[in-house]
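Structure assessment
Residues per chain are reported as follows:
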Amino acid sequence: MKVRTILVSQPEPKMENSPYSRLIEKEKVKVDFRPFIHVEGVEAKSVRQQKIDLNNHTAIILTSRNSVDHFFRIAEEMRFKVPDTMKYFCQSEAVAYYLQKYVVYRKRKIYVGKRNFSELVPLFKKYKDEKFLLPSSDTLKQIIPDTLNELGIDWKRGVFYKTVISDLSDLRDVYYDVLVFFSPSGIESLLKNFPDFEQNDTRIAVFGNSTVNAATDARLRIDIKAPTPETPSMTMALQKYITLANKK
């Protein structure tokens, strides 16, 4: 079965020359983007009910752009002036760079990991006397609380935003050769929107072990998987599969 159409369950990349653009040009395929999930902020009232007082924290742990946006949104709603002395521990350079939307980078104490949360551990150990706040979604990778608890530091989690399943009813009669998923929530959204979904000839592409597990639990056939040593990115995995499928 040749591949002509692909639906990626994420927002369209903002960068002009994205890997998907190169894939479209090279393989002459149609790629659509549609978020299967989206984020909604919780109200300041909900944060207060979690017994969180922003005045009690000296450091913020930021794992994503969403955590940055919603921390500063809640701070504004609570009329909390974030002090210049606040320390920011960012999971990646991308998150740290995004932080510049809210603070003057050079004048703040910002500590950055490379990519994985565990790479922040040496920094947490160095600043173990801080009082950490982790603004997060209602879904959180277990490695994060496990890591922080193991370190024995003073930290508190606050649910500042929630992951919500998007309405995909307009796609009911639209068919794609490949559906691409990056999280278990994407798989959940597919099944909630289309409980009678039958895979048939639709190819399923998944990124990451947790997404693989969710697809397997849902009894979906996985045709394309990333990352692998040979295809570390989803676009590389798609490229390899399409090249083989479209030659037949």
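Data block above holds the structure.
Throughout what follows, the structure given in this document is the object of discussion. (Residues numbered from 1 in each chain as written. Predicted model: local features only at pLDDT ≥ 70, side-chain atom pairs only at ≥ 80, totals over all residues. Heavy atoms only, no water.)

What to know about the pairing of strand E7 (residues 131-137)
As a reminder, the rule being used: Residue exposure (1.4 Å probe, protein chains only): buried if accessible area is under 20% of the type maximum, exposed if over 50%, otherwise partly exposed. By the criteria applied, helices consist of DSSP H or I runs no shorter than four residues and strands consist of E runs no shorter than two, each listed in order from the N terminus. Each pair of strands is called paired provided DSSP finds at least two bridges between the two strands.
When you tally the buried positions in E7, you get six out of seven residues, the bulk of the element. Relative to E7, strand E4 (residues 59-62) runs parallel, the two being bridged by two bridges. Bridging from a neighbouring strand, Ala-59 pairs with Phe-132 of E7. Of the pairings in the sheet, the one linking E7 to strand E8 (residues 154-165) comprises seven bridges and is parallel in character. What sits directly across from Leu-133, in E8, is Lys-156.

Considering unusual backbone geometry
Of note, the bond from Ala-226 into Pro-227 is cis; its omega dihedral lies within 30 degrees of zero at -5 degrees. In this model, Lys-28 sits at a positive phi of 55 degrees, which is unusual for a non-glycine residue. A positive phi is found at Lys-51, a non-glycine position, where the angle reads about 60 degrees. If you trace the backbone, Lys-51 turns up in the loop between helix H2 (44-49) and E4.

Here we look at the layout of surface pockets
Note the threshold: The method works on a 1 Å grid over the protein atoms by themselves. A cavity is a set of points holding a 1.4 Å probe that cannot get out, a pocket is an open set with protein on both sides within 12 Å along at least five of seven lines, and residues with an atom within 4 Å of a point line them. Grid points are joined across faces, edges and corners, and a volume is the space filled by probe spheres set on the points. Note on residue categories: nonpolar means Ala, Val, Leu, Ile, Met, Phe, Trp, Tyr, Cys or Pro, charged means Asp, Glu, Lys or Arg, and polar means any other residue, Gly included.
Empty space within the second largest pocket amounts to approximately 460 Å³. Surrounding the second largest pocket, 20 residues form its lining, Arg-172, Val-174, Tyr-175, Phe-197 and Glu-198 being those nearest its centre. A per-class count over the lining of the second largest pocket returns eleven nonpolar, three polar and six charged.

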